[in-house]
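Architecture and fold: a report
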Amino acid sequence: MNQTDRIQAFVTLGNRLRTLPADQFNIIAQKAHHENGWFSRESVALAFKGISVQLEESRLANWISGYPVPASARQIGVAMAGNIPLVGFHDFCVTLLSGHRLRYKPSSRDSVLLDYLQQQLIDIEPQFADYITAVDQLRGVDAIIATGSDNTSRYFEYYF
């Protein structure tokens, strides 16, 4: 899969989010709210809208043009937060767009939405199935992306 293929897959994902039928969106938003009571229909809609804007072709092409294509894909571990709907999507997206393989530990409070977007992306570009792995523990990776507070930092220092 080359960079153009990756960009096009994410552009298509953005288009799907923009044109998602209301009944399908309501089902997804309700599942997300059931998993995390802080996730309202409105906050999920705002997350989908923001992501769909990020995934416009000109934005992605302009952004990725500033970075070299890696000689080989590395295993990038991402610890997903769950305090805001799809807060970890940016890390998900940049890891894959940069040509690396993603091993992520989903948040127990925001797995529904990311699972949905992951399945959509794989439906659009089946080759992504070989690049995305959800894991219980972030072991055997070349680099880690984790966001959070000073407490998060101390936790990861202990974890690794």
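This text follows the structure it describes.
Reading the values: rules and limits
- Residues numbered from 1 in each chain as written.
- Predicted model: local features only at pLDDT ≥ 70, side-chain atom pairs only at ≥ 80, totals over all residues.
- Heavy atoms only, no water.
- Axes fitted to C-alpha atoms, helices over the stretch in contact; angles between N-to-C directions.
- Helix = DSSP H or I, 4+ residues; strand = E, 2+ residues; numbered from the N terminus.
- Parallel < 35°, antiparallel > 145°, perpendicular 65-115°, else oblique.
- Left-handed = near helix turned anticlockwise from the far one by under 90°.
- Contact = heavy atoms within 4.5 Å.
- Nonpolar A, V, L, I, M, F, W, Y, C, P; charged D, E, K, R; others polar.
- 1 Å grid on protein atoms, 1.4 Å probe; cavity = no way out; pocket = protein on both sides within 12 Å on 5 of 7 lines; lining within 4 Å.
- Points joined across faces, edges and corners; volume = space filled by probe spheres on them.

1. Focus: the packing of helix H1 (residues 3-18) against helix H6 (residues 112-124)
Orientation of H1 relative to H6, taken along the N-to-C sense of each, is 125°, at an axis distance of 9 Å. When the axes of H1 and H6 are compared, the pair comes out oblique. As for how H1 packs across H6, the hand of that crossing is right-handed. Residues Ala9, Phe10, Thr12, Leu13, Arg16 and Leu17 of H1 touch H6, and the partners they reach there are Tyr116, Leu117, Gln120, Leu121, Asp123 and Ile124. Taken together, the residues that form the contact of H1 with H6 break down as 8 nonpolar, 2 polar and 2 charged.

2. Brief notes about the layout of surface pockets
In this structure, the largest pocket occupies an estimated 160 Å³ of space. As for the largest pocket, its lining consists of Gln3, Trp63, Ile64, Tyr67, Pro68, Ile76, Val94, Thr95, Ser98, His100 and Ile145. Of all the secondary-structure elements, those providing two or more residues to the lining of the largest pocket are helix H4 (57-64) and helix H5 (89-97). Partitioning the lining of the largest pocket into residue classes produces 7 nonpolar, 4 polar and no charged.

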